[in-house]
Amino acid sequence: MDRFSPDKRHEVMSRIRGKDTKPEMIVRRFLFSQGFRFRLHYRKLPGHPDIVLPKYRAVVFVHGCFWHRHENCRHFRLPQSNVEYWENKIAGNVERDLRDANRIADMGWKVIVIWECELERKTRDEVLNRVATLIKGSCEGIGAESCPG
Ligand SMILES: [Zn+2]
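Residues numbered from 1 in each chain as written. Predicted model: local features only at pLDDT ≥ 70, side-chain atom pairs only at ≥ 80, totals over all residues. Heavy atoms only, no water.

> Could you clarify how one ought to interpret the packing of helix α2 (residues 22-33) against helix α4 (residues 121-136) in this entry?
Packed helices, taken two at a time, are described by their axes: the angle between them and the distance between them. For the pair α2 and α4, the least separation of the axes is 11 Å and the interaxial angle reads 60 degrees. In this view, α2 runs oblique relative to α4, as classed from their interaxial angle. The hand of the α2/α4 crossing is right-handed. Counted together, Ile26, Val27, Phe30 and Leu31 of α2 and Arg124, Leu128, Asn129, Ala132 and Ile135 of α4 form the full contact between these two elements. In terms of residue class, the contact of α2 with α4 is made up of 7 nonpolar, 1 polar and 1 charged. (Axes fitted to C-alpha atoms, helices over the stretch in contact; angles between N-to-C directions. Helix = DSSP H or I, 4+ residues; strand = E, 2+ residues; numbered from the N terminus. Parallel < 35°, antiparallel > 145°, perpendicular 65-115°, else oblique. Left-handed = near helix turned anticlockwise from the far one by under 90°. Contact = heavy atoms within 4.5 Å. Nonpolar A, V, L, I, M, F, W, Y, C, P; charged D, E, K, R; others polar.)

Put into structure tokens, the structure is as follows:
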């Protein structure tokens, strides 16, 4: 795996397609540094999760607070115009997120969701360490609701 691809064009193109966004890169770099190996945008699972760890049967979604409606988050604020359009669009995203997460969980995989705002410098280390613990099997902390039992 080439994790330090310095190809600028690729980076720019990726951003346009909405993949390889910065928050996701933070998570990927951390996991890789901790020895985790993963697949990206795995097509065999519903919703093509951002990061898939087959060895642990775990998937990680990195959600943007706006596009995925992070409730009570200061990053989630609907635009003042075209309110109805945005409401519908984002409601559709949220519905799809939920459906995909449930399907993946039904297939026996662990679903971990990280919000963009949790990756701010202040909380980043703590959140990432909890994610690593979750992937390895502990069901404390974020995503606990998707753990069995
Ligand atoms: Zn947020």
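> Quick question: what am I supposed to make of the coordination of the zinc ion here?
Each pair of donors in an ideal octahedron of six around a metal sits at 90 or 180 degrees, and each pair in an ideal tetrahedron of four sits at 109.5 degrees. Distances from the zinc ion to its protein donors, namely Cys65 (SG), His70 (ND1), Cys73 (SG) and Cys117 (SG), fall within the range 2.0 to 2.4 Å. Seen from the zinc ion, its 4 donor atoms lie at angles of 100 to 114 degrees, and the figure they make is tetrahedral. Between consecutive donors of the zinc ion, the numbers of intervening residues give the motif C-x4-H-x2-C-x43-C. (Donors = N, O, S within 2.8 Å, 3.2 Å for Na, K, Ca; no water. Tetrahedral: all angles 85-135°; square planar, octahedral: opposite > 155°, others 65-115°.)

> Is there a simple way to explain the pairing of strand β3 (residues 58-63) in this structure?
Along any regular strand the residues' side chains alternate between the sheet's two faces. For β3, the tally of buried residues reaches 6 of 6 residues, placing the bulk of the element in the interior. Here β3 shows no split at all, with Ala58, Val60 and Val62 on one side and Val59, Phe61 and His63 on the other all buried. Connecting strand β2 (residues 51-53) to the next strand, β3, in antiparallel fashion are 4 residues, including Arg57 with a positive phi near 45 degrees. Taken together, the 6 bridges between β3 and strand β4 (residues 110-115) define a ladder with parallel strand orientation. Bridging from a neighbouring strand, His63 pairs with Trp115 of β4. (Buried < 20%, exposed > 50% of the residue type's maximum accessible area, 1.4 Å probe, protein only. Pairing = 2+ DSSP bridges.)

> Which parts of the structure should I look at to understand the nonpolar core?
Note that soluble globular proteins tend to have their nonpolar side chains buried in a common cluster. Of all hydrophobic cores here, the largest spans 21 residues; its most connected members are Val27, Leu31, Leu53, Val60, Ile114 and Ile135. At the level of elements, α2, β2, β3, β4 and α4 are the ones that each hand at least two residues to this core. Look past the residues within four positions of Val27 in its chain and what remains in contact with it is Ile51, Val60, Val62, Ile114, Leu119 and Leu128. (Core = buried A, V, L, I, M, F, W, Y, C linked by side-chain atoms within 4.5 Å.)

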